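Residues per chain are reported as follows:
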Amino acid sequence: MRWIAGGRFRMGSEDFFPEERPVHEVSVDGFWIDAHPVTNAEFSRFAHATHYVTVAERPLDPDQYQGADPALLAPGSLVFHKATGPVDLRDYRNWWEWVPGAQWSHPGGPGTGVRKRPDHPVVHVAYEDAVAYASWAGKELPTEAEWEFAARGGLDGAAFAWGDDHVPDGKAMANTWQGEFPWQNLRLDGYEGTSPVGSFPPNGYGLVDMTGNVWEWTCDWYAPRHPKASTSSCCAPADPLINPRVTSPNRSYDRGRPGEHIPRRVIKGGSHLCAPNYCLRYRPAARQPQMIDSSMAHLGFRCVVRRSDPPREGQTHG
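In short, a report on the structure.

### Some thoughts on the packing of aromatic side chains
At step 1: Under the counting rule described, the total for this entry stands at 23 aromatic pairs.
At step 2: Seen from their ring centres, Phe-80 and Trp-177 are 5.8 Å apart, and the 80° between their planes marks the pair as edge-to-face. Of the two residues, Phe-80 is situated in strand E5 (residues 76-80) and Trp-177 in the loop between helix H3 (144-152) and strand E7 (215-221); the sequence distance between them amounts to 97 residues. One exposure class covers both Phe-80 and Trp-177, and it is buried.
At step 3: Ring centres of Phe-160 and Trp-162 lie 5.1 Å apart, and the angle between their planes is 10°; this geometry places the pair in the stacked category.
At step 4: An aromatic cluster of at least three residues, connected via ring pairs, comprises Phe-43, Phe-46, Tyr-52, Trp-104, Tyr-133, Trp-136 and Phe-301.
At step 5: Its guanidinium or amino end placed over the ring of Trp-221, Arg-265 lies 3.5 Å from that ring's centre, counting from NZ or CZ.

### Concerning the layout of surface pockets
Over the atoms, a rolled probe matching the size of one water molecule traces out where space is still vacant.
At step 1: Approximately 1,800 Å³ is the volume found for the largest pocket.
At step 2: Along its surface, the largest pocket is lined by 50 residues, and Leu-78, Tyr-92, Met-291, Ser-294 and Met-296 are the ones closest to its centre.
At step 3: Mapped onto the lining of the largest pocket, the elements with two or more residues apiece are E5, strand E6 (96-100), strand E9 (264-268) and strand E10 (287-291).
At step 4: The element contributing the most residues to the lining of the largest pocket is E10, with five residues.
At step 5: Grouping the amino acids of the lining of the largest pocket by side-chain chemistry returns 26 nonpolar, 12 polar and 12 charged.
At step 6: Forming the boundary of the second largest pocket are 18 residues, of which Arg-117, Gly-193, Thr-194, His-272 and Ala-297 lie nearest the centre.

### Focus: the sheet that holds strand E3 (residues 24-28)
Think of a sheet as strands paired side by side through backbone hydrogen bonds, with each pair either parallel or antiparallel.
At step 1: In spatial order, the strands read E2-E3-E8; together these three strands make up an open sheet with mixed pairing. Sheet topology places strand E2 (7-11) and strand E8 (241-242) at the edges, where each strand pairs with a single neighbour.
At step 2: Across the face of the sheet, H3 comes into contact with E2 and E3 while running at roughly 95° to E2.

### Observations concerning the sheet that holds strand E1 (residues 2-4)
At step 1: Across the sheet, which stays open at both edges, the three strands sit in the order E1-E4-E12 with antiparallel pairing between neighbours. Because the sheet does not close on itself, it has two edges, and the strands there are E1 and strand E12 (304-306). This sheet shows a mean twist of 25° between the axes of neighbouring strands, independent of strand direction.
At step 2: As paired strands, E1 and strand E4 (residues 31-33) are joined by three bridges and run antiparallel to one another. The partner of Arg-2 across the bridge, within E4, is Ile-33.
At step 3: In the packing of H3 onto the sheet, the strands contacted are E1, E4 and E12, and the crossing angle to E4 comes to about 70°.

### Some words on the pattern of salt bridges
At step 1: Overall, the coordinates contain 19 salt bridges when judged by the stated rule.
At step 2: Across the pair Glu-19 and Arg-281 runs a salt bridge, and its minimum N-O distance is 2.8 Å. Here Glu-19, found in the loop between E2 and E3, pairs with Arg-281, found in the loop between E9 and E10; they are 262 residues apart in sequence, far enough to count as distant.
At step 3: Take Glu-19: its relative accessible area is 12%, and that puts it in the buried class.
At step 4: Linking Glu-148 and Lys-268 is a salt bridge whose minimum nitrogen-to-oxygen distance equals 2.9 Å. Of the two residues, Glu-148 is situated in helix H3 and Lys-268 in strand E9; the sequence distance between them amounts to 120 residues.

### A few points about the nonpolar core
At step 1: Phe-43, Leu-141, Trp-217 and Phe-301 are the most contacted members of the largest nonpolar core, which totals 36 residues.
At step 2: Elements with a contribution of two residues or more to this core: helix H1 (40-50), helix H2 (127-136) and E7.
At step 3: For this core, the element with the highest residue contribution is H2, accounting for four residues.
At step 4: If you look at the next biggest cluster of nonpolar residues, it comprises 15 residues, including Ile-4, Val-28, Trp-147 and Phe-149.

### Some details on H1
At step 1: Among the residues of H1, those classed as buried are Asn-40, Phe-43, Phe-46 and Ala-47. The arc that holds the buried residues of H1, viewed along the axis, is 125°, so those residues lie on one side. Opposite the buried face of H1, by more than 90 degrees, sit the exposed residues Arg-45, His-48 and Ala-49.
At step 2: Buried-residue contacts for H1 involve H2.
At step 3: Once H1 ends, the next one or two residues include His-51, with phi positive near 60°.

Parameters and conventions
Throughout, a residue's number is its position along its own chain's written sequence, starting from 1. In keeping with the predicted nature of the model, local features appear solely for residues at pLDDT of at least 70, side-chain atom pairs appear and are counted solely at 80 or more, and the whole-chain, interface and lining totals rest on all residues. To get the side-chain values, take all heavy atoms of the structure and skip hydrogens and water. Planes of paired rings set the category: under 30 degrees apart is stacked, over 60 is edge-to-face and the rest tilted, where pairs are Phe, Tyr or Trp rings (Trp by its six-membered ring) whose centres lie within 6.5 Å. In this text, helices come from DSSP runs of H or I with a minimum length of four residues, and strands from runs of E with a minimum of two, each type numbered from the N-terminal end. For each residue, the accessible area found with a 1.4 Å probe, counting protein chains only, is set against the maximum for its type, and the residue is called buried under 20%, exposed over 50%, and partly exposed in between. Here, a charge over a ring is recorded when the distance from Lys NZ or Arg CZ to the ring centre is within 6 Å and its angle to the ring normal is within 35 degrees. Buriedness of a pocket was judged along seven lines, with at least five required to meet protein on both sides within 12 Å; pockets are open sets of points on a 1 Å grid over the protein atoms alone, cavities are sets where a 1.4 Å probe fits but cannot get out, and lining residues have an atom within 4 Å of a point. Grid points are joined across faces, edges and corners, and a volume is the space filled by probe spheres set on the points. Charged means Asp, Glu, Lys or Arg here, nonpolar means Ala, Val, Leu, Ile, Met, Phe, Trp, Tyr, Cys or Pro, and polar covers whatever is left, Gly included. When DSSP finds two or more bridges between two strands, those strands count as paired. Only heavy atoms enter the contact rule, under which two residues are in contact if any of them lie within 4.5 Å. All axes here are fitted lines through C-alpha atoms, helices being fitted over the stretch that makes contact, and every angle between N-to-C directions spans 0 to 180 degrees. Each salt bridge in this description consists of a side-chain nitrogen of Lys or Arg and a carboxyl oxygen of Asp or Glu lying within 4 Å of one another. In plain words, nonpolar cores are sets of buried Ala, Val, Leu, Ile, Met, Phe, Trp, Tyr and Cys residues tied together by side-chain atoms within 4.5 Å. The directions considered for the arc run from the helix axis to the C-beta atoms.

So far we have only geometry, and geometry alone does not tell us how the molecule works.
As structure tokens, then:
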């Protein structure tokens, strides 16, 4: 883990998607955060020690998915399948497929495994699974503000975790999609799917894969927009929001859409499937809602430990 001293920063962005607005001043206390997303090897130790069964390994409750094809209520998860050519980007079914038997240790479905990928981020992890791992490890999931502050690495207001240049000196700085999503991946970064953690340079706080590779859960409920900081007077700047959290699920429901009865948490960071022509969300300010019961082939997490006193010189955690 790495110690993040805390401080004040501008959270959000006015330059990309509506849910990232408005930019507002936020202050967070110091905390420890995992240097990289939780890996297959780390999650495997947890699963074997506790005999934990992830959400993707359990049959779905028919009462929660009324009208669904009974065949799709078997244990499984969503797996990405590259399209053969240009498709309608408004319909995610053109590249996502429910695969029975897909779960963290079989990320592509039956017949696939993670034994040769111990250092890749664990995926197919629902919110409940991430919380269970964090509790076992004596940790917690980060708030959205903590996560974004850490992801920025000290570059307050920069578009990316490494600065404002998308590809500095032509060098890929994160595992993302190059080409036309979801059918043409040029693999200019060297990877088709997930990559071993630490395959790309760390940010200013020594954290790797804060953007790209896999999306990451936070503990905040989703709200369509950020709150506004308190109004400033003519003589003084606005007070920052201190350690803000969204603790109510009330605004997180996607009314009128499938799964509208399932609340959603904030996920951050984008993934190896993020492309400029589709989402461009491999940025610290980027955010999306994710239903808490869902697991996917590009969704993982990392943990934090909150404490008020800074570490002693040379001290590490975890």
